[in-house]
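Summary of the model geometry
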Amino acid sequence: MSEEDEVMQIVHGRVKWFDPSKGFGFIVSDQTDADILLHANVLRNFGQGSVADGAGIEVRVQKTQRGVQAVEVVRIDPPEGIVVPFGDDAAEMVSADILALPLEAARVKWFDKGKGFGFANVFGKPEDVFIHAEVLRVSGFADLQAGEGVALRIIEGKRGRMAIQVVSWEAAAREKG
């Protein structure tokens, strides 16, 4: 296998852990003997500043003297087996219903991981959109930064507009293109 072939190898795995403050994390996969290093810059090139532990991930990897490293993120899938606590707001919605909702361009106003929620502003609309930490997690994110551009699928809840899915700005652009 040439060096170029090694760079182009696509590996499927799960995020073991990722720490945005450290700037890296690791992926586990049955396709490699060792953990795969995931650097924050590689994740940012995909359009996300964080990724949820347990999220499915598809990456292009390169073998180096230090081990296997992700060089490009191809796809991120939400962690399996998570139930979003929406109560009556979205009790009867299924995946197809959620995906049928339009993606709305938004900017994160603030998100506090410790509190478990935050808010975003949809461009051209005055009201805030509530983002619950579990919605973030089932969308494949671990955290959001103030000012970060995202796309949201939104429902009308009892207390106002709330995100039911968060998509990175870049992923939303790829979805439309």
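Residues numbered from 1 in each chain as written. Predicted model: local features only at pLDDT ≥ 70, side-chain atom pairs only at ≥ 80, totals over all residues. Heavy atoms only, no water.

A word on the overall build of the protein chain
Within the protein chain one finds 5 helices and 10 strands. A total of 177 residues make up the protein chain; the buried ones form 42% of that total. Put simply, 55% of the contacts in the protein chain that link residues at least 6 apart link residues at least 24 apart. When the accessible surface of the protein chain is split by element, carbon and sulfur atoms take 49% of a total near 9800 Å². (Helix = DSSP H or I, 4+ residues; strand = E, 2+ residues; numbered from the N terminus. Buried < 20%, exposed > 50% of the residue type's maximum accessible area, 1.4 Å probe, protein only. Contact = heavy atoms within 4.5 Å. Areas by Shrake-Rupley, 256 points an atom, 1.4 Å probe, with all protein chains shown as cover.)

Details of the side chain of Arg 153
Along the polypeptide, Arg 153 turns up in strand 9 (residues 149–157). On the basis of relative accessible area, Arg 153 is assigned to the buried category, the value being 4%. For Arg 153, the side chain forms a polar contact with the main-chain oxygen of Leu 101, separated by 2.9 Å. A polar contact of 2.5 Å, which involves the side chain of Arg 153, links it to the side chain of Gln 165. Arg 153 has contacts with Ile 98, Leu 99, Leu 101, Pro 102, Leu 103, Met 162, Ala 163, Ile 164, Gln 165, Val 167 and Glu 175, leaving out every residue within four places of it along the chain. (Polar contact = N/O pair within 3.5 Å; in protein donor to acceptor, adjacent residues only side chain to side chain.)

Some thoughts on the packing of aromatic side chains
A full pass over the atoms with the stated rule returns 9 aromatic pairs. Here the aromatic cluster, defined as three or more aromatic residues joined through ring pairs, consists of Trp 110, Phe 117, Phe 119 and Phe 130. (Phe/Tyr/Trp six-rings, centres within 6.5 Å; stacked < 30°, edge-to-face > 60°.)

Observations concerning the side chain of Arg 161
With respect to the helices and strands, the residue Arg 161 is situated in strand 10 (residues 160–168). Within the structure, the side chain of Arg 161 is placed 2.9 Å from the side chain of Glu 104, a separation counted as a polar contact. Excluding anything up to four places from it in sequence, Arg 161 contacts Glu 104, Val 122, Lys 125, Glu 127, Asp 128, Val 129, Phe 130, Ile 154, Ile 155 and Glu 156.

Looking at the environment of Lys 22
Along the chain, Lys 22 turns up in the loop between strand 1 (10–19) and strand 2 (24–28). Owing to a relative accessible area of 54%, Lys 22 belongs among the exposed residues under this scheme. A sequence separation of 18 residues divides Lys 22 from Ala 40, and the C-alpha atoms of the two residues are 8.5 Å apart.

Thoughts on the pairing of strand 5 (residues 67–77)
As defined by bridge partners, strand 4 (residues 56–64) adjoins strand 5 across 9 bridges and the pair is classed as antiparallel. Looking at the pairing, Val 59 lines up with Val 73 of strand 5. Counting the residues between successive antiparallel strands, the hairpin from strand 4 to strand 5 contains 2 residues. (Pairing = 2+ DSSP bridges.)

Points about the pattern of salt bridges
For the structure on display, the rule yields 8 salt bridges. In this structure, Arg 60 engages Glu 72 in a salt bridge whose closest nitrogen and oxygen atoms are separated by 2.8 Å. Residue Arg 60 is located in strand 4, and its partner Glu 72 is located in strand 5; the two are separated by 12 residues in the primary sequence. Two residues, Glu 104 and Arg 161, come together in a salt bridge whose shortest N-O distance is 2.9 Å. Placement of the pair is Glu 104 in strand 6 (residues 104–112) and Arg 161 in strand 10, with a sequence separation of 57 residues. The exposure classification of Glu 104 matches that of Arg 161, with both residues buried. Each of Glu 104, Lys 125, Glu 127 and Arg 161 takes part in salt bridges that share partners, so that together they form one network. (Salt bridge = Lys/Arg side-chain N within 4 Å of Asp/Glu carboxyl O.)

A word on the nonpolar core
Ranked by internal contacts, the top residues of the largest apolar core, which has 19 residues, are Leu 38, Val 51, Ile 57, Val 59, Val 73 and Ile 76. Those elements that place two or more of their residues in this core are strand 1, strand 3 (36–39), helix 2 (40–46), strand 4 and strand 5. Ignoring sequence-local partners within four residues, the contact set of Val 73 consists of Leu 38, Val 42, Leu 43, Phe 46, Ile 57, Glu 58 and Val 59. With 16 residues, the next largest nonpolar core counts Val 135, Phe 141, Leu 144 and Leu 152 among its residues. (Core = buried A, V, L, I, M, F, W, Y, C linked by side-chain atoms within 4.5 Å.)

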